[in-house]
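Commentary on secondary and tertiary structure
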Number of protein chains: 2
Amino acid sequence: MQTSTQNKTNLEVPKKFVYYFAAGEAEGNATMKNVLGGKGANLAEMTSIGLNVPPGFTISTDICAHFYAEGGKLPDWVKPSVLEALTKMEAKIGKKFGDVENPLLVSVRSGARASMPGMMDTILNLGLNDQTVEGLAKSSNNPRFAWDSYRRFIQMYSDVVLEMNSSLLEVTLEDLKAEKGVHNDTELTAEDLKSLVKKFKALVQQMTGKSFPNDPLEQLWGAVSAVFRSWNTPRAITYRELHDIPADWGTAVNVQSMVFGNLGEDSATGVAFTRNPSTGERKFYGEFLVNAQGEDVVAGIRTPQPISLLKEVMPQAYKELEDNYFKLENYFKDMQDIEFTIERNKLWMLQTRNGKRTAKAALQIACDMIDEKMITEEEAILRIDPASLDQLLHPTLDPQAQKTILAKGLPASPGGVCGQVVFTPEDAVELKEKGQKVILVRVETSPEDIAGMVAAQGILTSRGGMTSHAAVVARGMGKCCVAGCSEVEVNYTNETFKAKGYVIKKGDIITLDGSTGEIYLGEVKTIEPKLDGAFSRLMAIADRVRRLKVRANADTPTDAKTARDFGAEGIGLCRTEHMFFGEDRIDAVREMIIAETSNEREKALVKLLPMQREDFYQLFKIMDGFPVTIRLLDPPLHEFVPHSDSEIAELAKRINYDENRLKHKIHSLHEFNPMLGHRGCRLAITYPEIYQMQARAIAEAAAQFVKEGKKLVPEIMIPLVATAKELEILREQTVAVVEQVQKEQNVKYDYQVGTMIELPRAAVTAHEIARHADFFSFGTNDLTQTTLGLSRDDSSRFLGSYVSHGILPKDPFVSIDQIGVGTLVKTGVDLGRQAKGNLKIGVCGEHGGDPSSIQFFENVNLDYVSCSPYRVPIARLAAARSKLQRSH
Amino acid sequence: MQTSTQNKTNLEVPKKFVYYFAAGEAEGNATMKNVLGGKGANLAEMTSIGLNVPPGFTISTDICAHFYAEGGKLPDWVKPSVLEALTKMEAKIGKKFGDVENPLLVSVRSGARASMPGMMDTILNLGLNDQTVEGLAKSSNNPRFAWDSYRRFIQMYSDVVLEMNSSLLEVTLEDLKAEKGVHNDTELTAEDLKSLVKKFKALVQQMTGKSFPNDPLEQLWGAVSAVFRSWNTPRAITYRELHDIPADWGTAVNVQSMVFGNLGEDSATGVAFTRNPSTGERKFYGEFLVNAQGEDVVAGIRTPQPISLLKEVMPQAYKELEDNYFKLENYFKDMQDIEFTIERNKLWMLQTRNGKRTAKAALQIACDMIDEKMITEEEAILRIDPASLDQLLHPTLDPQAQKTILAKGLPASPGGVCGQVVFTPEDAVELKEKGQKVILVRVETSPEDIAGMVAAQGILTSRGGMTSHAAVVARGMGKCCVAGCSEVEVNYTNETFKAKGYVIKKGDIITLDGSTGEIYLGEVKTIEPKLDGAFSRLMAIADRVRRLKVRANADTPTDAKTARDFGAEGIGLCRTEHMFFGEDRIDAVREMIIAETSNEREKALVKLLPMQREDFYQLFKIMDGFPVTIRLLDPPLHEFVPHSDSEIAELAKRINYDENRLKHKIHSLHEFNPMLGHRGCRLAITYPEIYQMQARAIAEAAAQFVKEGKKLVPEIMIPLVATAKELEILREQTVAVVEQVQKEQNVKYDYQVGTMIELPRAAVTAHEIARHADFFSFGTNDLTQTTLGLSRDDSSRFLGSYVSHGILPKDPFVSIDQIGVGTLVKTGVDLGRQAKGNLKIGVCGEHGGDPSSIQFFENVNLDYVSCSPYRVPIARLAAARSKLQRSH
């Protein structure tokens, strides 16, 4: 109660909050998405540019906040303006709301600033009651249509507004069909439907204790409230979290006069894209259903026909639709996703919005639109969601691989994935948490399945088209999806599906090819993606636009090679310890660890030197003159030793060491909080020989490389520095080794010694540390752990609930915590550059590959980001967008 | 080389760096300690105020830096000024340096800004060679004295300047004594000593490859250099670390004409204090030796006579000494520690400085001096080192206890301690590290023993007086010491000592009473200290002066009682989890932890509620209206459960739970980095019931207390907050519980809900957090761990070497890391008060009882500090000093 009162006093009543639109008169326009939501703004705009749009009005998003401030109640002061707009609609159309002769029916739809397909509620045919249904029957000259509309309305209204268990009405419908011996709804007669309505209303009375509202205005207020309420359903909240949509945006409500695609064979309804949303091909693309209402297409209940057939069925309407889509695309300068209804051969536009598309399509469309002079190169960059590139960069199925095909469905979202079959979102989530890969198999998906879809590698549905829920959502997530695969017979009870005579059980492995729609038995080999011309072209534009350099975190020649192929401009982080685990060297590493004198330690290190030197030489060669930043040993030593008694015994035998002494030595390395323990540069303060060996390996590798006539500036990075003194001491030792090697080898080359900034203390004393550093690299993984006091290894137990409680906006290990960790990064940059104006500064935590973090790094003027090789293209694009969007 | 060159260019050659002093003419004065060192400044001052001081000059501390900048070499440009001053000395005294008839001999002594007794080197009798020794023999009419002086000079010079193994000369001397059948040095004749000098010189030639320098000037440059060099000996560095003396202060060098206390029975040398340094009694106090040189007294080789006897032996000199000490104390307004020599009945003052004293003496002297109108009350406060109070606040031996006395020595430094006997500093350090208490037993101590003295509970020596090395150093450390206990026969070889017929072996337990000088067999019971009038009086002054409030960290009624007795103004931190470990409740805590539903959890919590309520009620009662801050549960849950299989089995049986399930549950609580894990307020976000129970226990206890007519404002503290949202949620839940209890009990009282600031993120987002907090309490323990990325439990492995490498100035868990952690504290204070001007802010980490940290907290305007009960008086005094000394 506290909260709502507070909000109430803060909220101002807006001057205008109901925006009317009808031919020749629209109070809103496309720029007003914040106020009208995307749907409302575009309905107004379509009206203005002369398309046929059913008249209506939009209740602005402001009212959503007022609705919640009133404790989930529509404020009374909203109603007069709504009634005024309704009166204008009636005048325009010549029907009256609630009129028993020729009733005006309306749809009530949500519409937020960002598209949230299927997430919120819609009510159609509102205004029908026991009296107006008769009027509709007469005016449409189609009693069956009228009663069918009425029973649909009651079903929707009961579900959405009255929040009844909708399956009760569904079962009643199915019972009636069985009783009548019919298979489809369409086979029910007007009389059947009339009796069904009666049963429905009795059920509503019985379940809710109230009779179904007969007053159209009561229906209207109920529906408007329900749409506002649907903004905060769990599935809408999940969707917003997934897509970074702030909760305070709210939704608008669109009330629009109904047009009917289900008045007979001269009516239809459909959805279409102005270009192919899967490939980007510039070709009108969509689906329609004759004699159907809108939700029949989207819900995937009947499988619709391709849009090209509409040309033959309704040539006139098709012609107009084609004109419209050119107009719309020219107007909005982007690929449009449109909904339309044809009522007795007359085309009505119900919605247009920028269409969701695959990454592949987005790249193709952006390139085509540059060529069509529709957008600039910079605009093209801003059209591509960097994260979406992920789907292009991952493996697809190997065409040469042996495959046993199970079935073929629609190629709804590309990619090649395999995993265990599961049939419920709960199983998908559970197995995913156990580290298993799963394929979610459903007859069709609904918003309740979102969590399972997120958890799954890929989605397979047996029903629904390319614009079905599963297909749209999967494409948005960049997740592989095969939809409408009717050859697949799903049995939820047994948790099996049948295809080509095989019975696939829960837990069996299958493979999906989202680019062809094919489904295979077992695991199929995958291959690396080939990136096409549009990709390269946009990357080249991004490279021209961006200021931030992009490097890769790469420890092995394979990683380095991938990174170069993806356009990395150097290695920002080579973790030398990963090299320590090689089978040929791990025992030498262990001998070094258990050494009790510098002498013993040096003896073991001597064995490692040539291996490390070769490691570094290979990386220098692959990076071919690009900078290579090598981080000296970082993890605590106990990570390298075995811990079980039997392993220790084996090791003791192998290295000829007393078993008990070894056991004791290994136990003595135990730490309570290894993250905060004896690691990083602290090891080198205690055992200087380790870093000295590594510095020598780097220096010798560089000497060899430079002697071959190549150029290179190796960057030696000291981790976990907390104080300037640590770096001062270790820099001095490192420089001494490198100078010594240069003298020995009689070769001269430039090199740099820098440090990670990964502890809060390093950030707040960066001015002191900078005096001994040629560069900084923010280690935002550890900086996040220490700043938040949050162990990455332990926090999974509660981090999820932290994000869902809104305590943290996102997982701070994925996207940088800007106000906490970010403040320290900014402090570190400012202090560092204050001491040394030209200090080179980068970041090498996981955040270096996260687009919203990259925007932050651009804003605080880092010089480069470094990320995993597969994320390099994402980072290149994100860097370009960040440059274009930076705030200062 | 880099470093020295750098320093060289930065250092300016000072205009004046040699300061001459002789009767009627002193170029320096007592205010110039930074330039002249303490000894040099006071020699100049004593000269000015008309005391008899042997003429001489001081080479300023600036030259120390130049000495090191030149790579450990005296710069040539220093020499002319030295020679000039030497010429003035010669003129004044009428002797010439190096003169073969009547040679001027000089002493060369160190003297830093702060007194470092015995830490640096001294050379006496410089200027003697094979020629001048004959002159001295003639002019003194005492060949034995001349040759004895010469052999002493060679011994000292070989040790200090030539860095020879001094035991070689010592052995030669002992051999000679054996050969001559004599026991004391004094029994050797001039001829004996002459032959000894010859042997010494031959040995020097043999060991160093060079002949002993015959040229007095060469001797002088060598000695001056050796004194500068002694600034950086390991023992001097250790001493500086212990006493927070910066390395860059450097030492001055004092060159002074020799006077001799060893010219016969009319000569003497001594040291004295103007008041009793152990009790503070206003009574002249000291020791002297007839016919001896200065180091004979300090080194404790011969046991000296009490100063009162001097009155009888040399009444004239004693009278003058008495006059001098009044003059000096009046002049310096502090108790003085003076050194003097009587040469043929003439008194010479060799040194005066503010005397070191026990805490008890410091309090008494400060109070007496207030009464004597010598100093103000504020000055009195500044005279007491807060840390020194520690020795007063700890137990002394119970006079009622059964005791077996072993021996009685000098009560050199008070306190009652017991521990295992060890005979070497190495053993002391080793056992201390294993958590054992030890008593270091030595014939006498030397600077090499410092580390062992630090490690020991107490020190026992068999030789030396109240001003011996052991006594002086132990008093400075506030460590119990019994000195000069000649009844004790130490045998280093067997590692035993004999006393009263007992043979005490290494490892046996003994008890020392440093206040009586008695030594007891075994462990003797100790009792709490009684604090005398001087203590209370100065505490009252401190309380009047200070701004910072002082609270205590107290979890139990006993702690709370101690805290109140020591003057705590409330509880700043009550750790509720300590209450969870009670035998009567730990199983209920465990049931709560393994609960799988809120329901089960609440059932277990219901059992805990009445116990917690009673805990809090008791604390409220003891604190009697003072604020009590209660921190809700903080540690990770696995700290409360057993981990061994057998314990788990027992627990399962006791609480009637399936053993395997319990084992599984307990294993699932394991964390990799518990410090950064599921703890603090994170527990309450996941399991709100826990804090709700605790809030209810607090609210009910407060209700009961308030109903009894008492006043109280309980402060509920939420730990480990990283984000404002956590506090917002938990504050709301806490407030709801407290309001509910107030309604149930029909009682109204104020209460506060605040938070710990113990994560870097909390500090940098303090403005957001402050909006939901009535107070902040900085948890500087955890803030230090996270800011430095340093686990308190794991860092002992390397923290010592960090401090000794100068990487960290002090252990950051003892004294706050001002530039790192302190910056975040300051940020937190500034941001918090920016959002909420009147925000109450305190600190409850260990640093709350550390004087230098308290100065920091005063400077950043905290409202209070909270520390362990025994440190409350220290904090009260430190707070007062901090107020007087604050910089802004």
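Residues numbered from 1 in each chain as written. Chains lettered and ligands numbered in written order. Predicted model: local features only at pLDDT ≥ 70, side-chain atom pairs only at ≥ 80, totals over all residues. Heavy atoms only, no water.

1. What about the overall build of chain A?
In terms of helices and strands, chain A carries 36 helices and 34 strands. For chain A, the C-alpha radius of gyration of 32 Å lies close to 29 Å, the compact-globule estimate for 888 residues. Across its three principal directions, the C-alpha atoms of chain A cover 100 × 60 × 55 Å. Within chain A, the fraction of its 888 residues that count as buried is 58%. Once local pairs closer than 6 in sequence are excluded, the contacts in chain A between residues at least 24 apart make up 68%. Charge centroids of chain A, computed over 104 positive and 117 negative side chains, lie 3 Å from each other. (Helix = DSSP H or I, 4+ residues; strand = E, 2+ residues; numbered from the N terminus. Rg over C-alpha atoms; globule rule 2.2 N^0.38 Å. Buried < 20%, exposed > 50% of the residue type's maximum accessible area, 1.4 Å probe, protein only. Contact = heavy atoms within 4.5 Å. Lys, Arg positive; Asp, Glu negative; His and termini not counted. Charge placed at Lys NZ, Arg CZ, Asp CG, Glu CD.)

2. Considerations on the environment of Ala236(A)
Residues and elements named next belong to chain A. Mapped onto the elements, Ala-236 comes out in helix H10 (residues 234–243). Linking Ala-236 and Pro-117, residues 119 residues apart in sequence, is a C-alpha distance of 9.8 Å. Not counting the four nearest positions on each side in its chain, Ala-236 is found in contact with Met-116, Met-119, Ser-230 and Trp-231.

3. Structural notes on the pattern of salt bridges
All names here are of chain A. Per the stated rule, a full pass over the model turns up 121 salt bridges over all chains. Across the pair Glu-90 and Lys-96 runs a salt bridge, and its minimum N-O distance is 3.9 Å. Ionic pairing is found between Arg-886 and Glu-858, a salt bridge with its closest N-O pair at 3.0 Å. With Arg-886 in the segment after helix H36 (872–885) and Glu-858 in helix H35 (residues 851–859), the pair connects residues that are 28 residues apart, well separated along the chain. On the accessibility criterion, Arg-886 (18% relative accessible area) is buried. Its relative accessible area of 0% is what places Glu-858 among the buried residues. Linked by salt bridges that have partners in common, Asp-543, Arg-546, Lys-549, Glu-569 and Arg-876 make up one network. (Salt bridge = Lys/Arg side-chain N within 4 Å of Asp/Glu carboxyl O.)

4. Some remarks on the interface of chain A and chain B
Contacts between the two partners involve 48 residues from chain A, matched on the other side by 48 residues from chain B. Carbon and sulfur atoms make up 58% of the surface buried where chain A meets chain B, a total of about 4,100 Å² over both sides. When the area that chain A buries against chain B is broken down by residue, the three leading residues are Leu676(A), Arg761(A) and Arg797(A), summing to 16%. At the surface where chain A touches chain B, the tally comes to 2 salt bridges. For the salt bridge of Asp817(B) with Arg761(A), the shortest nitrogen-to-oxygen distance reads 2.6 Å. Inspection of the region where chain A meets chain B yields 18 residue pairs in polar contact (both at pLDDT 80 or more). (Buried area = accessible area lost by both parts, 1.4 Å probe. Polar contact = N/O pair within 3.5 Å; in protein donor to acceptor, adjacent residues only side chain to side chain.)

5. Some words on the sheet that holds strand S22 (residues 496–499) of chain B
All names here are of chain B. Taken in spatial order, the 3 strands line up as S21-S22-S23 in an open sheet, and their pairing is antiparallel. The outermost strands of the open sheet, each flanked by one partner alone, are strand S21 (489–491) and strand S23 (502–505). On average, adjacent strands in this sheet sit at an angle of 20° to one another, irrespective of strand direction. In the sheet, S22 pairs with S23 via 4 bridges, with the strands oriented antiparallel. (Pairing = 2+ DSSP bridges. Axes fitted to C-alpha atoms, helices over the stretch in contact; angles between N-to-C directions.)

6. Re the side chain of Arg585(A)
Residues and elements named next belong to chain A. Along the polypeptide, Arg-585 turns up in the loop between helix H22 (576–580) and helix H23 (586–594). By relative accessible area, which is 10% here, Arg-585 ends up buried. In this structure the side chain of Arg-585 is engaged in a polar contact, spanning 3.3 Å, whose partner is the side chain of Asp-584. Polar contacts involving the side chain of Arg-585 include one to the side chain of Asp-615, which spans 2.5 Å. Ignoring anything within four residues of it in the chain, the contact list for Arg-585 reads Met-579, Phe-580, Leu-608, Met-611 and Asp-615.

7. Notes on the state of the cysteines
All names here are of chain B. Under the criterion given, the structure shown has 0 disulfides over all chains. No disulfide involves Cys-418; its sulfur sits 10 Å from the nearest other cysteine sulfur, which is in Cys-480. A residue is classified by how much of its surface remains accessible, and Cys-418, at 17% relative accessible area, is buried. Free of any disulfide, Cys-681 has its nearest neighbouring cysteine sulfur in Cys-844, separated by 15 Å. (Disulfide = S-S within 2.5 Å.)

8. Here's the deal with the confidence of the model for chain A
Residue and element names in this part refer to chain A. Predicted confidence across chain A gives a mean pLDDT of 90, with 97% of residues reaching 70 or more. Below pLDDT 50 for its whole length, residues 1–9 participates in 4 contacts with residues either more than four positions away or in separate chains. Interface scoring of the predicted complex returns ipTM 0.79; its pTM is 0.80. (pLDDT = per-residue confidence, 0-100.)

9. Side note on the relation of the copies chain A and chain B
Each of the two chain copies goes to the other by way of a rotation about an axis and a shift along it. Once chain A has been moved 0.0 Å along the axis and rotated by 180°, it coincides with chain B to within an RMSD of 0.2 Å. Seen this way, the second copy is the image of the first under a two-fold rotation axis. In terms of C-alpha distance to the rotation axis, chain A has Asn673(A) as its closest residue, with the C-alpha 2.2 Å off the axis. Mapped onto chain B, 100% of the interface residues of chain A are again interface residues, and the two copies thus contact each other with one and the same surface. (Least-squares fit on C-alpha atoms with pLDDT ≥ 70 in both.)

10. Considerations on unusual backbone geometry
Residue and element names in this part refer to chain A. Residue Asn-141 is not a glycine yet carries a positive backbone phi of 55°. Structurally, Asn-141 can be placed in the loop between helix H5 (132–139) and helix H6 (143–160). Given the relative accessible area of 69%, Asn-141 is considered exposed. Within the chain, Asn-746 stands out as a residue other than glycine whose phi angle is a positive 50°. For Asn-746, the location among the structural elements is in the loop between helix H29 (724–745) and strand S31 (752–757).

11. A few points about the packing of aromatic side chains
The relative placement of two aromatic rings is captured by the distance of their centres and the angle of their planes. Taken as a whole and judged by the stated rule, the model has 36 aromatic pairs over all chains. Between Tyr331(A) and Phe332(A), the aromatic rings sit 5.2 Å apart at their centres with planes inclined by 80°, giving edge-to-face as the arrangement. By relative accessible area, Tyr331(A) is classed as partly exposed at 40%. Measuring from ring centre to ring centre gives 5.7 Å for Phe580(B) and Phe640(B), while their planes differ by 50°; the resulting arrangement is tilted. Here Phe580(B) is found in helix H22 (residues 576–580), whereas its partner Phe640(B) is found in the loop between strand S29 (628–631) and helix H25 (645–655), with 60 residues between them in sequence. A network of ring pairs unites the aromatic residues Phe284(A), Tyr318(A), Tyr325(A) and Phe326(A) as a single cluster. The residue whose ring lies beneath Lys346(B) is Trp348(B), and the NZ or CZ to ring-centre distance is 5.0 Å. (Phe/Tyr/Trp six-rings, centres within 6.5 Å; stacked < 30°, edge-to-face > 60°. Lys NZ or Arg CZ within 6 Å of the ring centre and 35° of its normal.)

12. Details of the sheet that holds strand S20 (residues 480–483) of chain A
Residues and elements named next belong to chain A. Read from one edge of the open sheet, 8 strands run S15-S25-S24-S17-S18-S19-S20-S16, paired in mixed fashion. Whereas interior strands pair on both sides, the edge strands pair on one side only; in this sheet they are strand S15 (405–408) and strand S16 (410–413). Taken pair by pair, the neighbouring strands of this sheet meet at an average axis angle of 30°, ignoring direction. Where strand S19 (residues 458–461) and S20 come together, 3 bridges link them in parallel fashion. Each bridged residue has a counterpart across the sheet, and for Leu-460 the counterpart in S20 is Val-482. Strand contacts of helix H17 (residues 425–433): strand S17 (416–422) and strand S18 (438–442), with the helix running at about 180° to S18, the strand carrying the most contacts.

13. So, the nonpolar core
Proteins that are soluble and globular tend to have nonpolar side chains buried together. In terms of nonpolar packing, the biggest core is built from 285 residues, with Leu389(A), Leu538(A), Phe620(A), Leu389(B), Leu538(B) and Phe620(B) touching the most fellow members. If near-sequence neighbours (up to four positions away) are discounted, Phe620(B) is found in contact with Gly625(B), Val628(B), Ile630(B), Ile698(B), Ala701(B), Ala702(B), Phe705(B), Leu712(B) and Pro714(B). Ranked by size, the runner-up nonpolar core spans 88 residues in total, among them Val78(A), Leu86(A), Tyr150(A) and Ile450(A). (Core = buried A, V, L, I, M, F, W, Y, C linked by side-chain atoms within 4.5 Å.)

14. A short note on the environment of Glu700(B)
All names here are of chain B. Mapped onto the fold, Glu-700 is located in helix H28 (residues 688–707). A relative accessible area of 8% means that Glu-700 is categorised as buried. Between the C-alpha atoms of Glu-700 and Gln-612, which are 88 residues apart in sequence, the distance is 9.9 Å.

15. Some details on the environment of Gly754(B)
All names here are of chain B. With respect to the helices and strands, Gly-754 occurs in strand S31 (residues 752–757). The exposure class assigned to Gly-754 is buried, which follows from its relative accessible area of 0%. Measuring from C-alpha to C-alpha, the distance between Gly-754 and Glu-187 comes to 78 Å, with 567 residues separating the pair along the chain. If we skip the residues at most four places from it in the chain, Gly-754 touches Ile-716, Met-717, Ile-718, Leu-727, Ala-773, Asp-774 and Phe-775.

16. Things to note about the domain arrangement of chain A
Residues and elements named next belong to chain A. Domains assigned within chain A are domain 1 (18–257), domain 2 (268–354), domain 3 (394–527) and domain 4 (546–636 + 671–887). One C-alpha centre belongs to domain 1, the other to domain 2; they are set 22 Å apart. On the domain 2 side, the residues contacting the 20 residues of domain 1 number 18 residues. Across the interface of domain 1 and domain 2, roughly 1,800 Å² is buried in total on both sides, 52% from carbon and sulfur atoms. Viewed at the interface, domain 2 and domain 1 are joined by 0 salt bridges. Along the contact surface separating domain 1 from domain 2 lie 8 residue pairs in polar contact (both at pLDDT 80 or more). Secondary structure elements with two or more residues in the side of domain 1 that touches domain 2: helix H2 (33–48), strand S7 (122–126) and H6. (Domains from an automatic or database assignment.)

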